[in-house]
Amino acid sequence: MTSYALNDSWTMTRRELAHWARQPAQVLVALVFPVMLLLMFGYLIGGGRGVDGEYLDFLVPGMFALTMVFGLEGTMLAVTQDLDKGVIDRFRSMPMADGAVLVGRSAADMLQSALGLAVLTAVAYVLGWRAHGTFGAFLGALGLLLLLRFAMLWIGILLALVAGKPEMVQAVQILVWPVGFLSNALAAPQSMPDWLGTVVEWNPLSQTATAVRDLFGAPGAETGHVWAAVAWPLALLAVFFPLAVRKFGALDE
Amino acid sequence: MTDAIVVEGVRKRYGDTHALDGLDLRVGRGTVHALLGPNGAGKTTLVRILSTLLRPDGGLVEVAGHDAVTRAREVRRRIGLLGQHAALDEELGGRQNLEMFGRLYHLGARHARVRAGELLERFGLADTGRKAVKRYSGGMRRRLDLAASLLTDPEVLFLDEPTTGLDPRGRAEVWAAVRSLVGGGTTVLLTTQYLEEADQLADRIAVLDRGRLVADGTADELKALAGGDRIDVVLRDGGQLGAAVALLPLAPAEVSVDVDRRLLSAPAAGRMKVLTGVLRALEDAGVEAEDVALRRPTLDEVFLHLTDDPAATPAKETV
Ligand SMILES: Nc1ncnc2c1ncn2[C@@H]1O[C@H](COP(=O)(O)OP(=O)(O)OP(=O)(O)O)[C@@H](O)[C@H]1O
Ligand SMILES: [Mg+2]
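Residues numbered from 1 in each chain as written. Chains lettered and ligands numbered in written order. Predicted model: local features only at pLDDT ≥ 70, side-chain atom pairs only at ≥ 80, totals over all residues. Heavy atoms only, no water.

## Quick word on the overall build of chain A
Part 1: Within chain A, the regular secondary structure consists of 10 helices and 0 strands.
Part 2: If you list the helices and strands of chain A from N to C, you get α-α-α-α-α-α-α-α-α-α.
Part 3: The C-alpha atoms of chain A give a radius of gyration of 19 Å, which matches the 18 Å a tight globule of 253 residues would have.
Part 4: Dimensions of chain A, computed from C-alpha atoms along their principal axes, come out at roughly 60 × 40 × 35 Å.
Part 5: The 253 residues of chain A split such that 50% are buried.
Part 6: Sequence separation of 24 or more characterises 82% of the internal contacts of chain A that already satisfy a separation of 6 or more.
Part 7: Counting only carbon and sulfur atoms, one obtains 69% of the accessible surface of chain A, whose full area is about 11,500 Å². (Helix = DSSP H or I, 4+ residues; strand = E, 2+ residues; numbered from the N terminus. Rg over C-alpha atoms; globule rule 2.2 N^0.38 Å. Buried < 20%, exposed > 50% of the residue type's maximum accessible area, 1.4 Å probe, protein only. Contact = heavy atoms within 4.5 Å. Areas by Shrake-Rupley, 256 points an atom, 1.4 Å probe, with all protein chains shown as cover.)

Printed below as a string of structure tokens:
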């Protein structure tokens, strides 16, 4: 049975890729959206501060981390749309490996996020941003970002399973924005009131953003946050992964 | 040999609705059992429980020799399901769907591809190419859904209203598919709104009403339940219907009147005796009959007889 886990997960991943092939526009939009955010915050909103290399050193890692958190919305939407369709009934009536549906979902989302990071990195490079650290540190930073995305993915799956209908997703989506912005992704907590600064520093997004700035060798970056950036997503996964798998198995009971 | 499907005392509640209220049912191996019942009787609920999609609140459910709750995976290996609503990936094409499901049934990539081709051919979908299922007509979708449920030549096949929305040709194709499967030893449980379908395909027919079994038997046995043979009399003059009812050697309460068709219909358990009695009574009174016929009751009449009275507690009529 478990021998089929890989086989079935791969089949489900291929299903997601086949969807991409049929809806390339959707994939493109998902890739372009973070680029738009980067341009917007880099030039429109951040414009007041003057865009110099240093602000990009601060902003780009923040945007990377923010993009990983916003990925949660895409995951939620995809899962609720899938649940709404009859095909899930067929999957559940077949002898396929438990969780292969969810693994297919997460593989596709991780792939999309990795592509998104690549695109964002390229755009940032064109804008003049540079990573100053070693290549190993650069890869480590990408790893931390994808780890955060992976944790968000399973939160997204659980929320989708709990919310059920696509209409409910919108409600949850709105809640993602404050989580995204109550972080140090765009602004330093030192510039905020004390209580807010505390919230912001505890935000897992902030931990990842800080650690990534550090690994990219951004001038003036705080050091020593890498472990928190590993621990936070792992802690979230330890809670949400089993909950999501259980909830999926118990659907319709 | 044990039965292919065993259901004992199964209950399922949705809030205050008892979708299934202590249901018992047995389906012998290699037979076709039809499940009839008005809307909301619990047919789909039962099919979903049998196909491991839904957990019953209580009772025993065995399919192909395995408990559908505790050994769901063993059951899933042995069943095919055509649900009431399409269970297909609408974004993908027909071949993509079948190949994907075939791989998930662990047929192996090559066998899955061959099998998908065979089934597309068999259900007249071979020329659909890459067209997404969401652009299929209702009938095409139904046929693809049926093809998906037949990928593995299942031991037990569940069909929830398989021909709803199909044109006569599509219906004939589904019936032919069911017959050939049963020839190969498959057990079929099918729900239907078409009594003719049950009559045509099923070895036995179970009638469900408000979550309970109200009858279970062969078509002939069920027809006997509805009062055996009936006599139909069509009058030349519809104005004489009322008078004719009073003349007949039958209790007036048993006679049903269809004014539009100038038709009287009544149980005729004694056949010839009733026939001659009716003819003599009409002739003596000078009421002219255009047509007189003795016939078996239709399943429609059985169905209405068994599920009509909302006040009656359905007492199980075993035959
Ligand atoms: N998910 C659900 N939530 C609440 N009630 C439900 C649910 N599914 C079914 N029911 C109720 O259970 C009862 C049986 O429904 P079911 O779908 O099994 O009937 P059915 O015999 O298949 O009807 P139909 O001929 O209309 O398909 C109905 O009263 C229905 O409203
Ligand atoms: Mg139904």
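## Considering the coordination of the magnesium ion (ligand 2)
All names here are of chain B.
Part 1: Distances from the magnesium ion (ligand 2) to its protein donors, namely Thr 44 (OG1) and Gln 84 (OE1), fall within the range 1.9 to 2.1 Å. With Thr 44 in helix α1 (residues 43-50) and Gln 84 in the loop between β6 (79-82) and α3 (94-104), this residue pair connects regions lying 40 residues apart in the sequence.
Part 2: By relative accessible area, which is 24% here, Thr 44 ends up partly exposed.
Part 3: The exposure class assigned to Gln 84 is partly exposed, which follows from its relative accessible area of 32%. (Donors = N, O, S within 2.8 Å, 3.2 Å for Na, K, Ca; no water.)

## Some remarks on unusual backbone geometry
Residue and element names in this part refer to chain B.
Part 1: Phi angles above zero are rare outside glycine, and Glu 161 is one such case at about 50°.
Part 2: By the element assignment, Glu 161 lies in the loop between β7 (156-160) and α6 (168-183).
Part 3: Glu 161 gets classed as buried once you look at its relative accessible area, which sits at 8%.
Part 4: With phi around 45°, Arg 210 is a residue other than glycine that occupies positive phi space.
Part 5: Inspection of the secondary structure assignment puts Arg 210 in the loop between β9 (204-209) and β10 (212-217).

## Re the sheet that holds strand β4 (residues 58-63) of chain B
All names here are of chain B.
Part 1: What the 4 strands build is an open sheet, ordered β2-β1-β4-β5; its pairing is antiparallel. Sheet topology places β2 (17-27) and β5 (66-67) at the edges, where each strand pairs with a single neighbour.
Part 2: As paired strands, strand β1 (residues 5-14) and β2 are joined by 8 bridges and run antiparallel to one another. Counted as the bridge partner of Val 7 is Leu 25 from β2.
Part 3: Contacts between α1 and the sheet are confined to β1, β2 and β4, with β1 contributing the most and set at about 120° to the helix. (Pairing = 2+ DSSP bridges. Axes fitted to C-alpha atoms, helices over the stretch in contact; angles between N-to-C directions.)

## Some thoughts on the packing of aromatic side chains
Part 1: Going through the model one piece at a time under the given rule, you end up with 12 aromatic pairs over all chains.
Part 2: Aromatic side chains Phe41(A) and Phe181(A) sit 6.0 Å apart centroid to centroid with 55° between the ring planes, which places their arrangement in the tilted category. Note that Phe41(A) is positioned in helix α2 (residues 24-45) and Phe181(A) in helix α7 (residues 166-181), a separation of 140 residues in sequence.
Part 3: A residue is classified by how much of its surface remains accessible, and Phe41(A), at 9% relative accessible area, is buried.
Part 4: Ring geometry for Trp129(A) against Phe216(A): centres 5.1 Å apart, planes inclined by 70°, an arrangement best described as edge-to-face. Here Phe216(A) lies in the loop between α9 (204-215) and α10 (226-249) and Trp129(A) lies in the loop between α5 (100-127) and α6 (135-163), a separation of 87 residues in the sequence.
Part 5: One aromatic cluster in this structure is built from Phe64(A), Trp129(A), Phe135(A), Phe138(A) and Phe216(A).
Part 6: If you follow Arg90(A) out to its NZ or CZ, it ends over the ring of Phe101(B), 5.6 Å from the centre.
Part 7: Over the ring of Phe58(A) we find Arg213(A), and its NZ or CZ is 3.8 Å from the ring centre. (Phe/Tyr/Trp six-rings, centres within 6.5 Å; stacked < 30°, edge-to-face > 60°. Lys NZ or Arg CZ within 6 Å of the ring centre and 35° of its normal.)

## A short note on the domain arrangement of chain B
Part 1: For chain B, the domain assignment lists domain 1 (3-224) and domain 2 (229-295).
Part 2: One C-alpha centre belongs to domain 1 of chain B, the other to domain 2 of chain B; they are set 43 Å apart. (Domains from an automatic or database assignment.)

## Notes on the interface of chain B and chain A
Part 1: Residue-level contacts link 34 residues of chain B with 28 residues of chain A.
Part 2: Both faces considered, chain B and chain A share a buried interface measuring about 2,900 Å² in area, 51% of it formed by carbon and sulfur atoms.
Part 3: Contact with chain A buries area across many residues of chain B, yet Arg73(B), Leu104(B) and His106(B) alone supply 25% of it, more than any other trio.
Part 4: The interface formed by chain B and chain A holds 3 salt bridges in total. (Buried area = accessible area lost by both parts, 1.4 Å probe. Salt bridge = Lys/Arg side-chain N within 4 Å of Asp/Glu carboxyl O.)

## Some details on the sheet that holds strand β11 (residues 230-235) of chain B
Residues and elements named next belong to chain B.
Part 1: Reading across from one edge, β12-β13-β11-β14 is the order of the 4 strands in this open sheet, with antiparallel pairing throughout. The sheet terminates laterally at β12 (256-258) and β14 (289-295), the two strands that pair on one side only. Each neighbouring strand pair of the sheet contributes to a mean axis angle of 15°, computed without reference to strand direction.

## A short note on the packing of α9(A) against α10(A)
All names here are of chain A.
Part 1: Put simply, α9 and α10 touch, their axes get as near as 8 Å, and they point 145° apart. Regarding α9 and α10, the two cross each other, and that crossing is left-handed. Each of Pro 204, Gln 207, Thr 208, Ala 211, Asp 214 and Leu 215 in α9 lies in contact with α10, whose residues at this interface are Val 226, Ala 228, Ala 229, Trp 232 and Leu 236.
Part 2: Tallied by class, the residues present in the contact of α9 with α10 amount to 8 nonpolar, 2 polar and 1 charged. (Left-handed = near helix turned anticlockwise from the far one by under 90°. Nonpolar A, V, L, I, M, F, W, Y, C, P; charged D, E, K, R; others polar.)

## Looking at the nonpolar core
Nonpolar side chains tend to gather and get buried jointly when the protein is soluble and globular.
Part 1: If you look at the biggest cluster of nonpolar residues, it comprises 115 residues, and the most contacted ones within it are Phe91(A), Leu98(B), Phe101(B) and Ile205(B).
Part 2: Take this core: its biggest share by element is 16 residues, from α6(A).
Part 3: Apart from residues no more than four positions distant in its own chain, Ile205(B) is found in contact with His33(B), Ala34(B), Leu36(B), Ala198(B), Ala215(B), Asp216(B), Gly217(B), Ala219(B), Leu222(B) and Leu299(B).
Part 4: Membership of the second largest hydrophobic core comes to 29 residues, among which are Leu20(B), Leu25(B), Ala64(B) and Leu81(B). (Core = buried A, V, L, I, M, F, W, Y, C linked by side-chain atoms within 4.5 Å.)

## Topic: the side chain of Glu161(B)
Residue and element names in this part refer to chain B.
Part 1: Put simply, Glu 161 is tucked away with no salt bridge, and the nearest opposite charge, on Lys 43, sits 4.8 Å away.
Part 2: At a separation of 3.5 Å, a polar atom in the side chain of Glu 161 contacts the side chain of Gln 84.
Part 3: Reaching out from Glu 161, the side chain makes a polar contact with the side chain of Thr 164 at a distance of 3.1 Å.
Part 4: Sequence-distant contacts of Glu 161, that is, excluding residues within four places in its chain, are made with Lys 43, Gln 84, Arg 142, Thr 191, Thr 192 and Gln 193. (Lys, Arg positive; Asp, Glu negative; His and termini not counted. Polar contact = N/O pair within 3.5 Å; in protein donor to acceptor, adjacent residues only side chain to side chain.)

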